[in-house]
Amino acid sequence: MSTNDPYAGERLKLSPFYPRASVLNIREAWSAWNGYKFAEYYYDAEYEYFCVRNQCATYDICPMQKYLVKGRDAEAMLNRMVTRDITKLKLNRVTYVVWCTDEGRLVDDGTIFKLASDEFMLTCGSSCIAWLRMSTYGFDEVNVFDVTDDIAALSFQGPTSCAVLKEMGLEGIEQAKPFDILRFPFHGDTLMVSRTGFTGDLGYELWISPGLALELWDELYSAGEDYGIQPFGEAATNMARLEAGFIMPDMEFNEALKTVHFEHDQTPFELNLGWLVDFSKPHFNGRRALLEEKKRGPKYTLTRLDIEGNKPAEGSYLYGDRNCKKKEIGYVTSAMWSPAVKANIALAMIRTDCLQGEIWAEIYYEKELRHYQKVARCTVKDKPFWSPPRARATPPPDY
Amino acid sequence: MTGKTHDAIIVGGGHNGLTTAAYLAKAGLDVVVVEKNPHVGGAAVSLELHEGWVYSNCSYVCSMMRQSIHRDLDLTRHGLILVPYLGTVNFGDDGQTLIDYPSEEAAHLELKRHSPHDADSMHRFQADLARYAQFIRKTLLRTPPDPTSMRPRDIRELLFLGKQMWSLGEREMYEYVRFFTISAADFLEDYFENDLIKAAMASPGIIGTALGVYSPGSAYILLHHVMGDVDGNIGAWGLARGGMGAISEALASAAREHGAEIRTTSGVQQILVKDGEACGVVLENGDELNAGIVVSNLDAKRTFTRVMDRNDLPPGIYEKAKNFKIRGSSGKVNIALDGMPQFTGVPDNRYVNRGGQGFTGSLKTMERAYDAWKHGRWSPDPFVESVIPSAWDPTVAPPGKHWMSNFVQYCPPTLAEGPWTPEERDAFGQAVVDKIERYSPGFKDLIVHMEVRTPHDLEQEVGLTEGNIFQGELTIDQLLFNRPFPGYAQYRMPVKNLYMCGSSTHPGGGVSSACGANAAREILMDLKKPNTVPEDDFYDE
Amino acid sequence: MSDYDSIIIGAGHNGLVCAAYLARAGQKVLLLESAEAPGGLAANREFHPGFKTSVAHVVNHFSDRIASDLKLARYGFEGSSNVTLVTGLGREGRHVTVDGHSVTGVEQGDAEAYRRFAAQMRRFADALKPFWLKTIPRAAPGKWSDMSTFARIGLKLRLLGKDDMREFMRVAALPARDLVDENFDSELLKAVLCWDGLIGSKMAPRSPNNAVLPMLYRTAQGQSGTPGSLIEALQASARAAGVEIRTGTTVDRILVNPGQDGLVAEGVILAGGEHIHASRVVSSADPKTTFIGLAGIDNLEIQFTNRIRRLRCDGFVAKLHLALNGLPEFTGLDRLNGRLLIAPTMNDIEFAFDHAKYGEYPPEPVMEIVIPSLQDASLAPQEKHVLSAHVMYVPYRPKGGWNKQAKAALYERIIERLSGYAPGIRDQIIHAELLTPAELERDYRVSGGHWHHAEFALDQMLMMRPTYEAAQYSTPLPGLYLCGAGCHPGGDLTGAPGHNAAREILR
């Protein structure tokens, strides 16, 4: 980006896939993500959602922040930063991580790709270069490069996704286990494919240099033509991720460094991500605070709820009694009617000590300008709402 | 000659004096405001100094006006409307520009072209600043407690402050102390690397103060300027339609509606004290007005050293007033323009001038301007903060013509060589015009009329000692329970029945009406009248 | 297995004090010093054959209690409770001298004002004095038991009476300039009185907030004497208590191992590779050196290390040592004892500072001069003398960096300035040594060459010194403690940080 372009602030950046994606965005339904012009949806959010669940679909993840962390101390630096043990991560593998403040509060979540013994790629939803800079302070040999604009990335999800990649000629792609990284020659360059995604289903993410972005798109769409390929936007993603039980900033959690009020941010334990916190590691950021939190038990726990009826419990308060007379025990963070599982689902922050008792949601909804209120029984679900075996199988079934 | 006896006389019709008058009158008191100028408003005025052009020739922007007062006194019905700025453009030393867009996405991209790191860090900066601002805002419409007192109310208020502090959490308590005491430059160093971004963020830290960006304490002043809000957007600035005088006129109109009398061209010669109690004033024309209480809207130094007899004061007060830090450090150049100036390196669109222009330079440029002030000079490369209100206020310039307000930091109250002369004043104005011309070639040719105001002029016309726009420096020794003097921070002055309601009192300068409202609350309490002054509203923070 | 109860890194005066207290409580203590002799910045060092002096050149408020606890008098420290005289050198030999109670060389009005002023400052200083030897607790929920310290500070202030308390709360954050402007007329006297609020810091008379507390810290009554004899006595006292002192031994890093509840500091690794184990490690090095250099970044938390990074610890003082072939003659001055200041007006100080702000060194530096050989004849050959001067303001990182020419030019300016008051001095110089802050950092292992280890400022004081979580002498790394000037109460030769750290360790 030129520092001399006075218009820089007024022009959203265009993804390398934009020339193709814009043709398909018939509704011109654009919003913005990290400074990129970004599709809210292309034709119809629910249609796109069903493409993800039933066929295959692409999601432009160029705006996702990508950082290359390189150098002799790269592993040590990342290992101190995140709560998981990165030293256990094998070459060409990916892992989902969270990182916390000294007080054990979530700064952000993301994935780490181990590309070489001294080279990692970190991806996350919003910019984290300032935190990375703080984290590298004091290490002798580690450099962080923002490569967001240097890599074009496309998430490719859905039951037919593996078949399409095979059709495209990516030999051996079916052997990729979840969180594996594979590389394929592509027009004289390398196409990196990871078996990762944000939909809770079979899916891949494709990484290529921006100059070959359109070639990739064209080959993928040509191979996927008979498999129902379709781009999907933010709206459909949000539906799929909620079914998969994945958390979103500004929905399930506040990024700690952007939080104004004391302890209005969350710990991994509150977000039910305790499994990401590896206390066998002697040190990582927030360890002391998290150890205390673990001993004490989190005040709130993020919980999956199946709610009776069909009115989405968006923004609802939760109570321990049907009359909603006692003090509220929590609140819903995300909610929707799941078209695939035919259930009224939600993620909710609930007081840990109230999880065993009854849970009732106070739901407000509207019918033709009349406003109604109802109280619905909630059932805690241990498993994600959507978690088909194919998401984990290697090789995956052909659809 | 003895006139009729009023309940209260307000000395000075600045916006705080008018606020006090409105609230006292609203409570049913017989109130008279005496103002030396032919117009009310003090430093919040709109004056037609060139035919067709209306200048807000002193204060020029509004962000701190307490909305609960605006709402309570129904100022909109009295003609006041505040319209927020769109983004401000900052100009760096090297011709670089930085635009503060209203859209978060756009602002982020704009920052990113200067420094991706700083663009990211801005989120943390804004969250931290919002946290500090929320803390301070809760104190604005409250009377500071006296920490040496054991009265239940003082203890309660002290506990309130303690509780606010405690609710920040341990880390933020310390961070808050740090923020409150360090320099703007050190504070910003923790977030930013880019010179222009640092400079743009630091600039509110020097406005109106005799401190530099490297002086400890300037970080708080930065907050003092951005803790205001327009419609809940912390840090947003706005213009009053019709100029800053519109605020004063609306307050005056509200006060009159409640029955207050406002006498302009009635400067006060002296505040009268009989048997140790304030009892009235003598006007410059010799008229004497009597009242149960006297409320001074003048600054602390002027009140006690100019309009009161030293013999009427308890021992030590005169010295305290003499030592009160009220340093002139700002100048103002008001310019009538033949057309809209074009600025280099700025997008050519209709939105960009609908905000401010900050001729910011870098931290060093600003600091060097401060160094010049210490030497009793003005800098050839001053910090100038400008706005072209006519870009969105149709009432202040003829159609197609414009007026530009240029606030200049720093400008000494007296020059090293001696007092200001008209020639020196013009040279100062020229330095400002030269600076703008560097970023807007052809600017000089657009000038139709120009008014240059040094601290000296401000003192002469408005009555602010040394031309200090805050009625006293905003340093810890003069804030909260130290403002204006320790032991007299609750609006009651050392002489019985004498009160102060101007910016020399807590919470200090800025067109906020908070000082005036707080003073009214204390007066009503002393008179055992029901309180009519609202609490602040915080948008349910 | 631990070889020692405590290993103390750095045998500066605080390291010595801490070691002595720990050993007297029965601990097995090893004190490691990388220089050839203990003392740190207070150690006498031969800078020219036969001529010695120390960087820190006055002891004027060393804690009485520590001196008596450690029996320093018995070991040769002849402390006196007299306040060190401060003389402001005036132009044409018209000087001003203050002794903490009265002033000479000014008009009657100022002399009376000074008596009032000094008495009030002493009242404030006395109220605060007990707290320099206390641990300032964390202001955190669940720490109520420690809160009594805050209550006691509050009570002490209340006991000053309403007027004094109010005045204290007003002046506590006042710029030095305003404080003295309110009281005095004489420009020279004002400059002299400013000095103790500013020396060593990145501040000038107009800088708010951070001048008055250091002034009161230095006004607190204590022992004065020579740095050399203090270090000798501390060393003797520590050895007598059983402290093992190893000089010429550089610690490469702190040995950190995983323990049951996370990492624990368990000893040190020397530059030669030797591991020494101990139940705890106590560092008298500055916080930046301790945490970033010795403890290791990957053993600490991210925000914590970044708070250490942002500590303001760039030194602004250069040190001049002159070997003189006789006693220098200052115009109009017959006694050269005490401290001599070349800072004729507050503006001189302010404008010298203005240059340093931008990384330039001032054309007319201001300085504090001491002739240490007057008090301690062993510092120079017979009939010869040593002049020691703190020169302000000299940037740690000047524009263009430090090089020979820059240093030579600065030296020339200093001598020129000095000659204005001691006209013959140039011809008396046998040898001169000028240490820039960068050289102080290199030679004495002090980050930024800052003798307070970290700027003495409100945000870096009390329970925020050096930063919270490390302000009660323990650190976020269990087993690692701090005992240097980077902790409460701060720099100068007081012994307080070392004393307080030992108390916390023994708790």
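These figures come from a predicted structure and were not determined experimentally.

When helices and strands are tallied, chain B shows 16 helices and 20 strands. Against the 2.2 N^0.38 benchmark of 24 Å for 541 residues, chain B shows a C-alpha radius of gyration of 22 Å, consistent with a compact globule. With the C-alpha coordinates aligned to their principal axes, the bounding extent of chain B is approximately 65 × 55 × 50 Å. Partitioning the intrachain contacts of chain B with sequence separation of at least 6 by distance along the chain shows that 73% fall at a separation of at least 24. Charged side chains of chain B number 51 positive and 69 negative; the gap between the two group centres comes to 4 Å.

In this section: the overall build of chain A. When helices and strands are counted, chain A shows eight helices and 19 strands. For 399 residues, the compact-globule estimate of 2.2 N^0.38 gives 21 Å, and the C-alpha radius of gyration of chain A, at 22 Å, lies within 12% of that figure. Projected onto the principal axes, the alpha-carbon positions of chain A cover approximately 65 × 50 × 50 Å. Looking at chain A residue by residue over its 399 residues, the buried ones come to 58%. Counted over contacts in chain A with a minimum sequence separation of 6, partners at least 24 positions apart contribute 67%. Just so you have it, chain A exposes about 16900 Å², and 49% of that area is on carbon and sulfur atoms.

This part is about the environment of L271(A). Residues and elements named next belong to chain A. By the element assignment, L271 lies in the loop between helix 7 (234–244) and helix 8 (287–296). A sequence separation of 29 residues divides L271 from Y300, and the C-alpha atoms of the two residues are 8.1 Å apart. For L271, the contacting residues outside a window of four places in its chain are L106, I247, E252, F253, Q266, L302 and M349.

This part covers the interface of chain A and chain B. By a widely used convention, the size of an interface equals the accessible area lost when the partners come together. In this complex, chain A contributes 32 residues to the contact, which on the side of chain B involves 31 residues. Buried area between chain A and chain B, summed over both chains or domains, comes out near 2600 Å², and the portion from carbon and sulfur atoms is 52%. Where chain A touches chain B, the interface holds two salt bridges. Its salt-bridge partner being R133(A), residue E193(B) comes within 3.0 Å of it at the nearest N-O pair.

What follows covers the interface of chain B and chain C. Contacts between chain B and chain C engage 41 residues on the former and 38 residues on the latter. A buried area of about 3700 Å², summed over both sides, lies between chain B and chain C, and 56% of it is on carbon and sulfur atoms. When the area that chain B buries against chain C is broken down by residue, the three leading residues are T148(B), Y174(B) and K374(B), summing to 19%. There are 13 salt bridges connecting chain B and chain C. Elements that contribute at least two residues to the side of chain B that touches chain C include exactly helix 6 (170–181) and helix 13 (363–374) of chain B. Looking at the side of chain B that touches chain C, the element that brings in the most residues is helix 6 of chain B, giving nine residues. A class-by-class count of the residues in the side of chain B that touches chain C yields 16 nonpolar, 10 polar and 15 charged.

Counted according to the given criterion, the structure contains 55 aromatic pairs over all chains. Ring centres 5.1 Å apart and planes at 45° place the aromatic pair F91(B) and Y439(B) in the tilted group. Of the two residues, F91(B) sits in strand 6 (residues 89–91) while Y439(B) sits in helix 14 (residues 422–439), which places them 348 residues apart along the sequence. Pair check on accessibility: F91(B) and Y439(B) agree, each one buried. Summarising the aromatic geometry, the rings of F343(B) and F359(B) are spaced 6.1 Å apart at their centres and angled 50° between planes, so their arrangement reads as tilted. Of this pair, F343(B) sits in the loop between strand 15 (330–337) and strand 16 (356–359) while F359(B) sits in strand 16, placing them 16 residues apart in sequence. You can call F343(B) buried: its relative accessible area is 10%. Through successive ring pairs, a cluster of aromatic residues spans F125(B), Y132(B), F135(B), Y176(B), F179(B), F180(B), F187(B), Y191(B), F192(B) and Y220(B). When the ring centre of Y372(A) is taken as reference, the NZ or CZ atom of K367(A) above it lies at 5.0 Å.

Of the strand pairs in this sheet, strand 1 (residues 30–33) of chain A and strand 2 (residues 36–39) of chain A are connected by four bridges, and their pairing is antiparallel. By the bridge assignment for strand 2 of chain A, W30(A) is matched with A39(A).

Counting 69 residues, the largest nonpolar core has F168(C), L198(C), L216(C) and Y393(C) as the members making the most contacts within it. Sorting elements by how many residues they give to this core places helix 3 (residues 108–132) of chain C first, with 12 residues.

Either a parallel or an antiparallel arrangement is found when strands of a sheet pair, and the pairing is made through backbone hydrogen bonds. All names here are of chain A. With antiparallel pairing, five strands are arranged side by side in an open sheet as 5-6-7-4-8. Lying at the two open borders of the sheet, with one neighbouring strand each, are strand 5 (94–100) and strand 8 (143–146). Taking each pair of neighbouring strands and ignoring which way they run, the sheet shows an average axis angle of 30°. Judged from the six bridges that link them, strand 4 (residues 65–70) and strand 7 (residues 119–124) form a sheet pairing that is antiparallel. Following the sheet pairing, L68 is matched in strand 7 by M121.

Looking now at a nonpolar patch on the surface. Together, I26(A), Y43(A) and Y47(A) make up a nonpolar patch on the protein surface, roughly 320 Å² of accessible area in all. When its relative accessible area of 43% is taken as the criterion, Y43(A) is described as partly exposed.

Turning our eyes to something else, we now look at the packing of helix 1 (residues 15–26) of chain B against helix 16 (residues 514–526) of chain B. Residue and element names in this part refer to chain B. Where helix 1 contacts helix 16, the axes come no closer than 7 Å and their chain directions differ by 35°. Both helix 1 and helix 16 take part in a crossing whose hand is right-handed. Contacts from N16, T19, T20, Y23 and L24 in helix 1 reach A514, C515, G516, A517, A519, A520, I523 and L524 in helix 16. Per-class residue counts for the contact of helix 1 with helix 16 are nine nonpolar, four polar and no charged.

Okay, the confidence of the model for chain B next. Averaged over all residues, the pLDDT of chain B equals 94, while 97% of them reach at least 70. Across the interfaces of the predicted complex, the ipTM metric reaches 0.95, alongside a pTM of 0.95.

Below, the discussion takes up the domain arrangement of chain A. All names here are of chain A. Its domain assignment divides chain A into domain 1 (8–62 + 151–244), domain 2 (65–148) and domain 3 (256–381). For domain 2 and domain 3, the distance between their C-alpha centres works out to 28 Å. Taken together, the contacts link 20 residues of domain 2 with 23 residues of domain 3. Buried surface at the junction of domain 2 and domain 3, both sides included, amounts to about 1900 Å², of which 55% is carbon and sulfur. Of all residues in domain 2, the largest losses of buried area upon contact with domain 3 belong to T83, R105 and L106, amounting jointly to 35% of the total for that side. At the junction of domain 2 with domain 3, the criterion picks out three salt bridges.

Running from N to C, helix 13 of chain B and helix 12 (residues 346–357) of chain C point in directions that differ by 165°, and their axes come no closer than 11 Å. Relative to helix 12 of chain C, the element helix 13 of chain B lies roughly antiparallel. In this structure, helix 13 of chain B meets helix 12 of chain C at a crossing whose hand is left-handed. Touching E367(B), D371(B) and K374(B) of helix 13 of chain B are E350(C), F351(C), D354(C) and K357(C), all from helix 12 of chain C.

Of all eight residues in helix 3 (residues 74–81) of chain A, six are buried, a share of seventy percent or more. Restricting attention to buried positions, one finds in helix 3 of chain A the residues A74(A), M77(A), L78(A), N79(A), R80(A) and M81(A). In this structure, the buried side of helix 3 of chain A is in contact with strand 4, strand 5, strand 6 (106–116), strand 7 and helix 4 (129–136) of chain A together with helix 11 (302–310) of chain C.

With that out of the way, let us pick up helix 8 of chain A. All names here are of chain A. For helix 8, the set of buried residues is R287, L290, L291 and E293. Projection of helix 8 onto a plane perpendicular to its axis shows the buried side chains occupying an angular sector of 160°, all on one side. For helix 8, exposure combined with an orientation more than 90 degrees from the buried face picks out K295 and R296. Immediately downstream of helix 8, the backbone of G297 shows phi near 85°, a positive value.

Moving on: the pairing of strand 14 (residues 300–307) of chain A. Residue and element names in this part refer to chain A. The element strand 14 is largely enclosed, with a buried count of six among its eight residues. The pairing of strand 14 with strand 17 (residues 343–351) spans eight bridges and is antiparallel. Looking at strand 17, one finds that D306 is bridged to I345.

What counts and how
- Residues numbered from 1 in each chain as written.
- Chains lettered and ligands numbered in written order.
- Predicted model: local features only at pLDDT ≥ 70, side-chain atom pairs only at ≥ 80, totals over all residues.
- Heavy atoms only, no water.
- Helix = DSSP H or I, 4+ residues; strand = E, 2+ residues; numbered from the N terminus.
- Rg over C-alpha atoms; globule rule 2.2 N^0.38 Å.
- Contact = heavy atoms within 4.5 Å.
- Lys, Arg positive; Asp, Glu negative; His and termini not counted.
- Charge placed at Lys NZ, Arg CZ, Asp CG, Glu CD.
- Buried < 20%, exposed > 50% of the residue type's maximum accessible area, 1.4 Å probe, protein only.
- Areas by Shrake-Rupley, 256 points an atom, 1.4 Å probe, with all protein chains shown as cover.
- Buried area = accessible area lost by both parts, 1.4 Å probe.
- Salt bridge = Lys/Arg side-chain N within 4 Å of Asp/Glu carboxyl O.
- Nonpolar A, V, L, I, M, F, W, Y, C, P; charged D, E, K, R; others polar.
- Phe/Tyr/Trp six-rings, centres within 6.5 Å; stacked < 30°, edge-to-face > 60°.
- Lys NZ or Arg CZ within 6 Å of the ring centre and 35° of its normal.
- Pairing = 2+ DSSP bridges.
- Core = buried A, V, L, I, M, F, W, Y, C linked by side-chain atoms within 4.5 Å.
- Axes fitted to C-alpha atoms, helices over the stretch in contact; angles between N-to-C directions.
- Patch = residues over 30% accessible without salt bridge, like charges linked within 9 Å, V, L, I, M, F, W, Y side chains within 5 Å.
- Left-handed = near helix turned anticlockwise from the far one by under 90°.
- pLDDT = per-residue confidence, 0-100.
- Domains from an automatic or database assignment.
- Parallel < 35°, antiparallel > 145°, perpendicular 65-115°, else oblique.
- Arc of directions from axis to C-beta.

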